[in-house]
Protein chains: 2
Amino acid sequence: MIEFADLRELIAPRSITLIGAGETGLGAWLTRNVLEHSTFAGPIHLVTDRRPEVFGRPTFPSVADIDGEIDVALILLPRGLVPQALRDAQAKGARFAVIMAGGFGEFGDEEGIALDRELREVIAAGSTRVVGPNSPGVGSILAPLGLTIQPGFKDELSPGPIGLIAQSGGVTRAVLQDSHRGVGFSAFFATGNQMDLDVADYLNYFVQDAATKGVALAIESVPSSDRFVEAAERARAAGKPVVMLKTGTSEAGRKAASSHTGAVVGEQGAMRAVAAQHGISVVDDLIHLVNVVHYRLAVTHGNQGWTPRSREVAIVGMSGGSGVLVADALATNGVGLAELDPSTKDRMRLFLPPTLPLSNPLDLADASFRENAFEDSLRLVAQDPGVGALLVIFNAWYENNSMRYAKAAIAVAAEADVPVIPVWMSARGGPELDVLVQAGLLPVRSATEAAATVQSLMADAAGPPTATTSPVNEMISTPRLPDGTILEDRAKQLLDARGVRVSRELVVDTLEAAKAAADAIGYPVILKGLDDSATHRAGTGLVSGAVRTAKQLVDAWNGIADAFRTHTGRDGCPVLVAEFVEGELEAYIGLKRDPEWGMILSLGLGGRWIEEIADAAVLPLPATAEAIENALTASKLARAIERSQLHGAPRAGLLDIAVRIAALGAEHPEISELDVNPVILTRVAAVAVDALITVERCGTDSG
Amino acid sequence: MIEFADLRELIAPRSITLIGAGETGLGAWLTRNVLEHSTFAGPIHLVTDRRPEVFGRPTFPSVADIDGEIDVALILLPRGLVPQALRDAQAKGARFAVIMAGGFGEFGDEEGIALDRELREVIAAGSTRVVGPNSPGVGSILAPLGLTIQPGFKDELSPGPIGLIAQSGGVTRAVLQDSHRGVGFSAFFATGNQMDLDVADYLNYFVQDAATKGVALAIESVPSSDRFVEAAERARAAGKPVVMLKTGTSEAGRKAASSHTGAVVGEQGAMRAVAAQHGISVVDDLIHLVNVVHYRLAVTHGNQGWTPRSREVAIVGMSGGSGVLVADALATNGVGLAELDPSTKDRMRLFLPPTLPLSNPLDLADASFRENAFEDSLRLVAQDPGVGALLVIFNAWYENNSMRYAKAAIAVAAEADVPVIPVWMSARGGPELDVLVQAGLLPVRSATEAAATVQSLMADAAGPPTATTSPVNEMISTPRLPDGTILEDRAKQLLDARGVRVSRELVVDTLEAAKAAADAIGYPVILKGLDDSATHRAGTGLVSGAVRTAKQLVDAWNGIADAFRTHTGRDGCPVLVAEFVEGELEAYIGLKRDPEWGMILSLGLGGRWIEEIADAAVLPLPATAEAIENALTASKLARAIERSQLHGAPRAGLLDIAVRIAALGAEHPEISELDVNPVILTRVAAVAVDALITVERCGTDSG
């Protein structure tokens, strides 16, 4: 059972103890935020041994000098003093401590690493829950309460429905400044190094917090994916959208992937797959992060839950060229334009000039100067059943018309059940931009920003939780695997034991044995002379063509014997008799244990050019057969199967192998990587022809 | 010899005649711009039959009523009146006309199409050079002179070195509004439908104009690529950077590509290849367009020519998380981070704390609060020889420190020989942002905007013109090809005649003939029974393996005869005896005639999955062997060749085929598409195994 810290009393403390108060620099910023920019009625203790008063209030030379218990401690001290300060806070019964200093493990110097270890020990020894270290703080925008060193706190108090979790202090500040474009926040947590409390605890807080309707996450690492996933599912159950920007790459993630699968899946693949499975939208910039949460909440008009009724969008404006520019950017991001419904066009035609082309993008041109024409057009397009979102282009200033356009967008947004997104494609501000911002329409600045935002918004299905608890597994489970690399022969035996259809092969020394092997394997077969000195067998005569009869087998045997003699001057060689798999298409199936996100399955087009093709459908394990089939459907491989008319038995065979490998991966966390490449699709089946498994236990893995 | 219109007298007219003057709507905007917001000393004639006076100035009821000749005519009339108005202007000796009405061919209605035809005829019959139709106008920011209907003209008069050419009026306005973020312009042309004057004429104007140092292009179509390329080369010779955003797709470009090559190259491939060849940077958003021109000009401090000394960049700021975010975005865009030179680090260590990690991104953290630490760090990083551009992160407001950061960036930018780019990652404005804008540092707003901009900036080599006039062509030229599709056999014969190494094959009916064919072709060969009823020969026994000896040939022949009998119940079939090309790697080489950009060559990884791999090095023809080799080097194919150790004879063979196909393409403009796929690379050679040529004469192609 996963449990989360209850952070309600961190955000609404009984008392605040500020260790490191001051009148200059960071100390002043923190002290001012607590004293002047927060609405807090409880006791505030300022602790510093440097001066008897700070901003006219008496200070305590040490925590021990405070009378009675303390509650939330803010520790703003040089890193070397932090462990003792936390001990002091623990001794006074502090329930929470926010540690602001950085310079621990992340600096990498000897002292920092030693302090990192010491601080972890202090945390483990007490019951005080810790934010940070290396956190600029936490706070409530609604209260307001600024337990933070950020000097701009007072200027960015725009209350609203978005909860913010960011690892970095700088990023926290950058996002909170979106208040200046009309975005409102409930509270924020800068997680810092997540030594104790982590992103999952903060996310769970926002799930419980009634004032928070959606969550923006900008994080570099997820210490526990199990806890994170649990919190994400709670958010989904609560109808609160979660949008995530994952920056940087963890130390473990940077470890070079040794398999092809690893290279194809990439660093972001696992994270994106897990996020998708748990209803989290993933974006690639801060500005998109805020946009997506904001629009999702705006379109519901305060109600919960929104799913785009269409993945296609409409563009309306009064500049054709600007509309085309946005359409291009949408296309680059895979977002399609809706075909306007004939009834929409009929109704628009009643008030628009007969020759004006009613296309999408819709360029109203001079017709937009007519009273109501812009607003009525927007309204009709927003109501069109094929339109999932409406982008309104503001490319330039058109005198008094511009304010009318802005007010039209505001009026339509207030009643629409699709997001209405102003694209303010200009560096020129003014009252028209201001009214859009004030009305909460959150204008985007450029075609690319619009497109990236809309892509995430439309992709966000936020459907019901997918069942992940019943992996298909009718096979006998295999014992735990030994550490190291399991090469082709043994890997295929292992897969064979799990019911995977593998190519059959036997090594023989005599023609008689070869005949028996061919009979056992079944014709056609292929013969390969196993001469280690031939790096490339092609052109040496050491590889036969397809051998379909016993008579051809004799010829092939003799041919290889001749070639071997020519090639090495020696008589006789071991010969591999292998099932001849005449392929139409090569796929791969892979497992990779991601250090943050656990075991993931991937599959796609395979063969020698797997890295160049870079086709990977990715999904976290355990997974149902249905989920695996859905992932396959989204891959280039699926299109290739369709094109090659292999959608019958070969596709079913491929899925069967994938499901069995998924079960293997789910049962064997000791597998770090597994490559089955190629899986050859013939006209009648799918056959795993080569395999490689790497087993490596994690230091911290108890599974 | 390509000639361009001399547009100097359009931008500095002798007199201006405004046909369609008025006091309301568009008429008022245009009249005000000419009368009130321009500095023009010459005669201005206002023509309208609606009122005797406009803004207190007497009007002429018709152009004919004007005394003497007119010079530049601005025609702001409903589309139906435009052809006659142009005739009137021609009759009065007008040298230029700017036609503002739209609704011609681009509307697609019957009247619009008829008017389009009529207007073209009027233009052709006279000597008046025409801007538009569907152009909101042209103007000089330096004069200023606003021959334009844009109402914001008066507010965006920020003189500077950038010339602007945009097809769309809305886009023109959006870009000119970048004056509000410190961008300065010399003049602008909104091309409209380019019925007469086109983008090449306008580009040539800016090449000649001393005040213009660089050009921003936002266009939908290029009527004549020859003229455009000539103007681009003149700009390169003049040391004036040209940056282009190409929006939309032309009618012709939308024509579905019928070949694999066409699908792989895509709509943008040809344009990007031509642009790269002629030193034009291509970007994908308006905001990047302006950024790239501006930074290129800013870094030269008024001098001509700049080439990045390194393609790698540095990031400095005081938020680690924000720096990582920008680094992520750069990585996504293929821009690498420079490793700071040890001497740079040594010098920074003199004034930075000993434990602060000196990495890139460089997070100065609290050390940035020290006097001069930020500026000195920026300066040292900007001077580092491995750093090609410096991004300075402004993520949030840090009280009085922020203004110090801004001034530091300005001071360093003033002396640096790399672009210094502030990343103002926040919606919060203020005096710090204002001083950056005023100093011309042009802050970017987000990590993704920074990354896209820097990618274009770094990619822009702007080196010397590439020789394109000496295609390798020692072969006998072939006669013009007949219209239609040339299938495998004939296509390969044609390539063979041009010296391309193609796979040899013969069709035979008897075993004796097969033996003779194999002798002629050379062993190994492969035999295929040509049975049309077998859609898939695999598994039918109708295809042999590699046949290496005459003895194996007999076996193979008999095997196929047996299989044919089993399969069809008939005796004997025609058998194809083909060279057995035992491949290590499959490539493709293609030609595609782009309707705008002419014949282009592409090559990449080939085979059946060419579309999934989507590897295409593209370059316009004619091209030198060296250019073809450079294109190959940039492809995934080149990496695959390296990995497969085929860099010797097979790679040389592939290049030889590519050079011969390039020569074929350059000589035969009647080829619309050519696919050679696969070209099989063996250990010793490259062999074209299949080919398809489509010949289709363009209606307007005289070549």
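Summarised in this report is the structure supplied together with it. (Residues numbered from 1 in each chain as written. Chains lettered and ligands numbered in written order. Predicted model: local features only at pLDDT ≥ 70, side-chain atom pairs only at ≥ 80, totals over all residues. Heavy atoms only, no water.)

This part is about the interface of chain B and chain A. Interfaces are often sized by the amount of accessible area the parts lose when they come together. In this complex, chain B contributes 79 residues to the contact, which on the side of chain A involves 78 residues. Carbon and sulfur atoms supply 55% of the area that chain B and chain A bury against each other, a total of about 6500 Å² over both sides. At the boundary of chain B and chain A, one finds 20 residue pairs in polar contact (both at pLDDT 80 or more). A per-element tally of the side of chain B that touches chain A places helix α11 (residues 320–332) of chain B first, with five residues. Taken together, the residues of the side of chain B that touches chain A sort by class into 28 nonpolar, 23 polar and 28 charged. (Contact = heavy atoms within 4.5 Å. Buried area = accessible area lost by both parts, 1.4 Å probe. Polar contact = N/O pair within 3.5 Å; in protein donor to acceptor, adjacent residues only side chain to side chain. Helix = DSSP H or I, 4+ residues; strand = E, 2+ residues; numbered from the N terminus. Nonpolar A, V, L, I, M, F, W, Y, C, P; charged D, E, K, R; others polar.)

A few words now on the relation of the copies chain B and chain A. For the pair chain B and chain A, the best superposition has an RMSD of 0.2 Å and corresponds to a rotation of 180 degrees with a translation of 0.1 Å parallel to the axis. Such values leave the two copies arranged in the relation of a two-fold axis. By residue overlap, the copies meet face to face through one surface: 99% of the interface positions of chain B are interface positions in chain A. (Least-squares fit on C-alpha atoms with pLDDT ≥ 70 in both.)

A word on the pairing of strand β24 (residues 598–605) of chain B. All names here are of chain B. The buried fraction of β24 amounts to seven of the eight residues, a majority that puts the element mostly inside the structure. Of the pairings in the sheet, the one linking strand β23 (residues 585–594) to β24 comprises eight bridges and is antiparallel in character. Considered in β24, the bridge of R593 is made with M599. Counting the residues in the hairpin turn of β23 and β24 gives three residues. When β24 meets strand β25 (residues 617–620), the two strands line up antiparallel, connected through four bridges. Among the inter-strand pairings, L603 is bridged to a residue of β25, identified as A617. (Buried < 20%, exposed > 50% of the residue type's maximum accessible area, 1.4 Å probe, protein only. Pairing = 2+ DSSP bridges.)

Next up on the list: the packing of aromatic side chains. Enumeration according to the criterion identifies 20 aromatic pairs over all chains in this entry. On the numbers, 5.5 Å between centres and 85 degrees between planes, the contact of W29 of chain A with F369 of chain B is edge-to-face. In this pair, W29 of chain A is assigned in helix α2 (residues 25–35) and F369 of chain B in the loop between β16 (362–363) and α13 (373–383), connecting two distinct chains. F369 of chain B gets classed as partly exposed once you look at its relative accessible area, which sits at 23%. (Phe/Tyr/Trp six-rings, centres within 6.5 Å; stacked < 30°, edge-to-face > 60°.)

Here the focus is the sheet that holds strand β6 (residues 96–99) of chain B. All names here are of chain B. One open sheet accounts for five strands, arranged β2-β1-β5-β6-β7; its pairing is parallel. Each edge of the open sheet is held by one strand with a lone partner, namely β2 (44–47) and β7 (129–131). Strand-to-strand twist of the sheet, defined as the mean angle between neighbouring strand axes without regard to direction, takes the value 15 degrees. Strand contacts of helix α3 (residues 82–91): β5 (72–75), β6 and β7, with the helix running at about 165 degrees to β5, the strand carrying the most contacts. (Axes fitted to C-alpha atoms, helices over the stretch in contact; angles between N-to-C directions.)

We now examine helix α14 (residues 400–415) of chain A. Residue and element names in this part refer to chain A. Here α14 is 16 residues long and its end C-alpha atoms lie 24 Å apart, about the 22 Å a rise of 1.5 Å per residue gives. Every buried residue of α14 is accounted for by N401, S402, Y405, A406, A408, A409, V412 and A413. Viewed end-on, α14 has its buried residues packed into an arc of 160 degrees, placing them on one side of the element. Residues N400, K407 and A414 are exposed on α14 and point more than 90 degrees away from its buried face. (Expected span 1.5 Å × (residues − 1). Arc of directions from axis to C-beta.)

Residue and element names in this part refer to chain B. A full pass over the atoms with the stated rule returns 72 salt bridges over all chains. Between R181 and E449 there is a salt bridge, and its shortest N-O distance comes to 3.9 Å. Residue R181 is found in the loop between α5 (169–176) and β11 (185–190), and its partner E449 is found in helix α16 (residues 447–459); the two are separated by 268 residues along the sequence. For the pair shown, R181 and E449 are each scored as buried. (Salt bridge = Lys/Arg side-chain N within 4 Å of Asp/Glu carboxyl O.)

Before going further, it helps to examine the nonpolar core. Considering soluble globular proteins, one finds that nonpolar side chains tend to be buried as a cluster. Of all hydrophobic cores here, the largest spans 96 residues; its most connected members are L286, V326 and L391 of chain A together with L286, V326 and L391 of chain B. When sequence neighbours within four positions are dropped, the list of residues in contact with L286 of chain B reads L325 and M425 of chain A together with V171, A174, V175, A218 and L245 of chain B. By size, the runner-up hydrophobic cluster in this structure holds 95 residues, among which are L26, V242, M271 and I280 of chain B. (Core = buried A, V, L, I, M, F, W, Y, C linked by side-chain atoms within 4.5 Å.)

One full turn of an α-helix is made of 3.6 residues, so residues set three or four places apart face in the same direction. All names here are of chain A. Taking 1.5 Å per residue, 13 residues should reach 18 Å; helix α16 (residues 447–459) reaches 18 Å between its end C-alpha atoms and fits that length. In terms of burial, α16 is a largely internal element, 10 of the 13 residues being buried. Of the positions making up α16, those classed as buried are A447, E449, A450, A451, A452, T453, V454, S456, L457 and M458. Each element contacted by the buried residues of α16 is listed here: β14 (280–283), α10 (286–299), β15 (313–317), α11 (320–332), β17 (389–394) and β18 (420–424).

It is worth spelling out the sheet that holds strand β9 (residues 145–148) of chain A at this point. Residues and elements named next belong to chain A. Read from one edge to the other, the open sheet built from seven strands follows the order β9-β8-β11-β10-β12-β13-β14, with strand pairing classed as mixed. Two strands bound the open sheet, and with one partner strand each, they are β9 and β14. For this sheet, the mean angle separating the axes of adjacent strands, direction not counted, is 15 degrees. When strand β12 (residues 214–219) meets strand β13 (residues 242–246), the two strands line up parallel, connected through five bridges. Within β13, the position partnered with A218 by the bridge is L245.

So, about the packing of α10 of chain A against α16 of chain A. All names here are of chain A. Contact geometry of α10 with α16 gives a least axis separation of 9 Å together with a crossing angle of 50 degrees. Considered as vectors, α10 and α16 are oriented oblique to each other. Read as a crossing pair, α10 and α16 show a hand that is right-handed. On α16, the residues touching I287, H288, N291, V292, Y295 and R296 of α10 are E449, A452, T453, S456 and L457. A class-by-class count of the residues in the contact of α10 with α16 yields five nonpolar, four polar and two charged. (Parallel < 35°, antiparallel > 145°, perpendicular 65-115°, else oblique. Left-handed = near helix turned anticlockwise from the far one by under 90°.)

With an omega of 10 degrees, the peptide bond between N360 of chain A and P361 of chain A qualifies as cis. For P361 of chain A, the position within the fold is in the loop between α12 (342–349) and β16 (362–363). The step from G132 of chain B to P133 of chain B runs through a cis peptide bond, and the omega angle for that step is 0 degrees. Along the chain, P133 of chain B turns up in the loop between β7 and β8 (137–140). Positive phi, normally seen in glycine, also occurs at F55 of chain A, with a value near 45 degrees. Residues other than glycine seldom take positive phi values, yet Q645 of chain B does so here, at roughly 55 degrees.

On to the packing of helix α21 (residues 625–633) of chain B against helix α23 (residues 649–667) of chain B. All names here are of chain B. Across the interface, α21 lies against α23 with an axial gap of 10 Å and an inter-helix angle of 125 degrees. With respect to α23, the axis of α21 lies oblique. Crossing of α21 over α23 shows right-handed handedness. The segment α21 lies against α23, with A625, I628, E629, L632 and T633 engaging R651, L654, L655, A658, V659 and A662.

This brings us to the pairing of strand β26 (residues 671–681) of chain B. All names here are of chain B. Among the 11 residues in β26, 11 count as buried, and that is most of the element. Two elements, β23 and β26, share seven bridges in a ladder whose sense is antiparallel. Within β26, the residue paired with L585 across the bridge is L681. Of the strand pairs in this sheet, β26 and strand β28 (residues 691–695) are connected by five bridges, and their pairing is antiparallel. Bridge pairing links I671 to V695 in β28. Relative to strand β27 (residues 686–688), β26 runs antiparallel, the two sharing three bridges. Residue pairing across strands places L681 opposite A686, the latter belonging to β27. Between β26 and the antiparallel strand that follows it, β27, lie four residues.

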